[in-house]
Structures are given as structure tokens and as C-alpha cells.
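# Inside the fold
Residues per chain, in single letters:
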Amino acid sequence: MFSSHLRSLQRAVGRRLFNTDASQFPAAKQRFIPASGTYPKGFFAGGSSCGIKKNGKPDLAVLLSDRPAVASAVFTTNQFCAAPVQFDRQLINRARETGVQAVRAVITNSGCANAVTGKQGLVDARLMSEAGDRFVANFDQSEASGTSLVMSTGVIGQSLPVDKIEKGLEGLEVGGSHDMWMRAAVAFMTTDTFPKVLSKEYVGFRIAGITKGAGMIHPNMATLLGTICTDANITQEALDQALAYAVARSFNAISIDGDMSTNDTIAVLANGASGTAIGEAGFLEFRDALTSFMAELAALVVRDGEGATKFITIEVGGAKSFVDAKRVASTIATSSLVKTAFYGQDANWGRILCAVGYSGVELDTGLVGMCLWPGDGGEPLVLVERGEPRLPLDEVRAAEILKGEDVKIVVDLGLGKEMARMYTCDLSHDYVSINADYRS
């Protein structure tokens, strides 16, 4: 009787903590928070507060499939990769080698990264996964085994309080409603100012995803934490190929501050519950759907960049290869001088062209063109044409464009037909303030 009362109390407390109403988040960000969603069949979500965060805010999330799912993931290339990254990489590689798909859940905690924690960190990652497996068994009301991926985000160099996660999972509820997915998204958050969840329906299948990130965001490889779920039926090899393609054009195409986290992970789970099989004929359609979905989800991270006031799209075309185009775009996106100029609404386009020049890509400077586009899709401001500046600069038009939240830089190298796109934000005084007291 007492145990039942305690479980009811835990659930009641969880509901009080989980006000998922968009009104609690900054007014400027509320338009990015969906009021409803269409979620993949066979997936359930939930979140709770288990006491990892000092302020008592939600810090534990579960995404669960009602059947074994094919899992693919891309991880940070930071050599100090966190224990959850090492654990998940081994688990997914084992599934690739054996051909046995047994992933049932992704357990995510925020507030503690379990990074640079030595051998104990690996033990804690395994214990966290085992707690997830018990959660799945309880969900199934059977002893059937399932495997759980784990993700952690937060302060580096602190031991993971696994006991809190184990207790938190005992009282955590999951469901398929939009509110339950929102609960999970809120639990992902650290310095994020709004939860990042997205869902879409395509012909024959659905995709939904949750991501988090506002700082320490920069490619090479995945740039943050995120879990994407689809009810499409797809093989391991095909999912690996689709994810690699999509990541290069989404989560590996964003930058906020040039720092690469120890914990970056993007995982995709496909459980086949829709009954739609992705064969050779439908692969490109699925790959492109996943890519556009992930690009939209990744853009939410940039829109929540720590201290950011601008959302900047950098489009580089006319390149000989996608690699060249992306290298130029990335160089512009990571230039502190470019980012601070946008924060100050200063049309100092020479900083952009300078970044193009030192990108390492061979150029014919007499062919390069560049223009500035407003977020409303209005007339662009041509800055450079075939290597020559368009003078005098229309300062009034430049000021109008730079006042907007959304701005696009378009660079044409004039050398080929390949194009790449990067998303970044400006660099403000608030970025320094936020990161100066992150642990407090």
C-alpha cells in the first residue's frame, strides 16, 4: 500500500514539474515550439526530474520502442569522448557485426556529462543502460531482454549519480502523446532556452526527433545530443548510409561557438511499425526526407545559440565539390569577426570575403560573387560581383537587412555546380556571461 502511494506521489510531483506550456519559455522562442505533433507508431516518450540538476528541473528522459529497432548513430570525434559515447559505439558496432537488432530505448540525462570520468564512467554508463533495460522489461511486463542506448549532457568531470537515475526511472511514465514527447524534450535541456522537438509525416512513414544544444556546438560529427525515431522498416546498412548523408547536411552543418563537445551523439532508431519497407527504390526518398527533417531540427539548435540574436544561413555555391563548398561555408560560420559584425549589425563584408580567402579552397578571385539576403525573402544586396566590389555600398539597405533576426549570406565561387549550406548565429556579450558561470 505504501509503495503504491509513493509511486502515485512521484507521478504527481513529476506532473507538477512538467508544465510543458510554451508560455513558460521566452516569448521570442515560443514560435519554434510545436503545439501538437504526429509521432511514429510504436514509440513512446517521457521525462522526469531525478535530482541530478541542482535546481530540481527535469533531467531524465526516455524514448522507447515497443519492439526491437535498428539503430544507427554518429558520434563526436573529440578524443576525450565521454563514457556514454564509448558505450553506445560498442553497442551499435556489435549489432552491425552480429546482425541482431535489440535496441529498445534511449535513456538520456542532463546535468552531468559523465565525461572524463575514467573507468568508473564506463561502469556508470553500463549501469545506466541496465537500468534502462529494466525499465523496458517493466514496460513489456515480461523478462524479455532489450538493449538501451545512453546519452548524458552537462558538466564535464563529475561522476554520474546512477542511483538517482535508477530511482528516477522507477517512477517515470511514458506515452505517445505530444505532451509526453514535450516532457522528454524539456528533460534534455541544459542552457537551452526552449525544448527542441519536431515531428513530420511522410508517405508511408513518420519521423520525430528531440535534440538539445545551445553552446559547445561545432562539427565534426554530430555537434550535440539528439535522438530521431522513425517507424519506417529499413536495414542497418541503408540506415547507416542515410544517416551519414543527412548528418553532413544538417547537424554537421551548424556552428555556434567553434567548440566540439565530448558527448556529441545523434542516434536514429527505426522500428518498422509503419509496415513501410524502404528498399532500393524508396531509399533516396527516405534519405532526402531524413536529411530535410534533420536540417530543420538542427536549425533549432542554432536559433537557441547561447546569447544569439541572429540566425545566419551561409550558402556557398559554384564550387567544384561539396567538400570545397562546405569548407568555405564552415570557415565563414566560425569566424569570430564575422559573427561579431552581425551582432553589431555592421555590414563589414570584407570580413566575410577574408574568411573565404583563407578557407584553404583554391579560388579564382576574379569569379567570386557575394550578396546579402534578408530573412523575408526580399531583394538581396549585391556586395561583390566577379571579384569586384559593388560600390558605393547601400548602407541604408544593409542596415534594413541586418536589423532582422534571419539573414543569409550567399557566396558564388564561380568554379562549378556544387553547393553547401551552414547555419550559425552571431556572437554577443551574453554568450560570455552565460558561459562564465555555467556550473553555478
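That block above? That's the structure.
The residue count restarts for each chain, going from 1 along the sequence in the order it is written. For a predicted model such as this one, the threshold for reporting local features is a pLDDT of at least 70, and the threshold for listing and counting side-chain atom pairs is 80 or more; totals across whole chains, interfaces and linings nevertheless cover every residue. Calculation of side-chain values draws on the structure's entire complement of heavy atoms; hydrogens and water are dropped beforehand.

### Re the overall build of the chain
Threshold: Secondary structure elements follow DSSP: runs of H or I of four or more residues count as helices, runs of E of two or more count as strands, with numbering from the N terminus. Type-normalised accessible area, obtained with a 1.4 Å probe on protein chains alone, sets the label of each residue: buried when under 20%, exposed when over 50%, and partly exposed for intermediate values. Between two residues, a contact is recorded if the distance between any of their heavy atoms is within 4.5 Å. Throughout, the Shrake-Rupley method with a 1.4 Å probe supplies accessible areas, and for residues the shown protein chains are the sole cover considered.
In terms of regular secondary structure, the chain is built from 12 helices and 15 strands. Counting every position in the chain, which comprises 440 residues, the buried fraction comes to 53%. Here the analysis covers contacts within the chain between residues at least 6 apart in sequence; of these, 80% occur between residues at least 24 apart. Of the roughly 18900 Å² of accessible surface on the chain, 51% is carried by carbon and sulfur atoms.

### Focus: the pattern of salt bridges
Here is the rule: In what follows, salt bridge is the name for a side-chain nitrogen of Lys or Arg lying within 4 Å of a carboxyl oxygen of Asp or Glu.
Under the defined criterion, the tally for this structure stands at 17 salt bridges. Aspartate 140 is paired through a salt bridge with arginine 104; the nearest N and O atoms lie 2.9 Å apart. Here aspartate 140, found in helix α3 (residues 118-140), pairs with arginine 104, found in strand β3 (residues 103-112); they are 36 residues apart in sequence, far enough to count as distant. For aspartate 140, a relative accessible area of 26% gives the class partly exposed. With its nearest N and O atoms 2.8 Å apart, the salt bridge here joins arginine 303 to aspartate 406. With arginine 303 in helix α7 (residues 280-303) and aspartate 406 in strand β14 (residues 406-412), this residue pair connects regions lying 103 residues apart in the sequence. Assessed through its relative accessible area of 14%, arginine 303 is described here as buried. Given a relative accessible area of 24%, aspartate 406 falls into the partly exposed group. Each of Arg31, Arg303, Glu405 and Asp406 takes part in a single network of salt bridges with overlapping partners.

### Examining the sheet that holds strand β12 (residues 381-385)
The following threshold applies: Two strands pair under a simple rule: DSSP has to find at least two bridges between them.
The 7 strands lie next to each other as β8-β15-β10-β14-β11-β12-β13, forming an open sheet whose pairing is mixed. Looking at strand neighbours, the two that pair on one side only are β8 (254-255) and β13 (388-389), the edges of this open sheet. Note: strand β11 (residues 369-374) against β14, 6 bridges, orientation antiparallel. Counterpart to methionine 370 in the pairing with β14 is valine 411.

### A few points about the environment of alanine 102
Turning to its location among the elements, alanine 102 is positioned in the loop between α2 (83-98) and β3. For the pair alanine 102 and valine 70, spaced 32 residues apart in the sequence, the C-alpha separation amounts to 7.6 Å.

### Some details on empty space enclosed by the protein
Applicable threshold: Computed over the protein atoms alone on a 1 Å grid, cavities are sets of points where a 1.4 Å probe fits but cannot get out and pockets are open sets with protein on both sides within 12 Å along at least five of seven lines; a residue lines them when it has an atom within 4 Å of a point. Grid points are joined across faces, edges and corners, and a volume is the space filled by probe spheres set on the points.
Counted by the stated rule, this structure contains 1 cavity of 30 Å³ or more. Its boundaries defined by the atoms lining it, the largest cavity holds a volume of some 90 Å³. Looking at the largest cavity, the residues that line it are Val338, Ala341, Phe342, Asp346, Ala347, Asn348, Trp349, Arg351, Ile352, Leu372, Leu383 and Leu402. Only α9 (336-343) and α10 (349-357) provide two or more residues apiece to the lining of the largest cavity.

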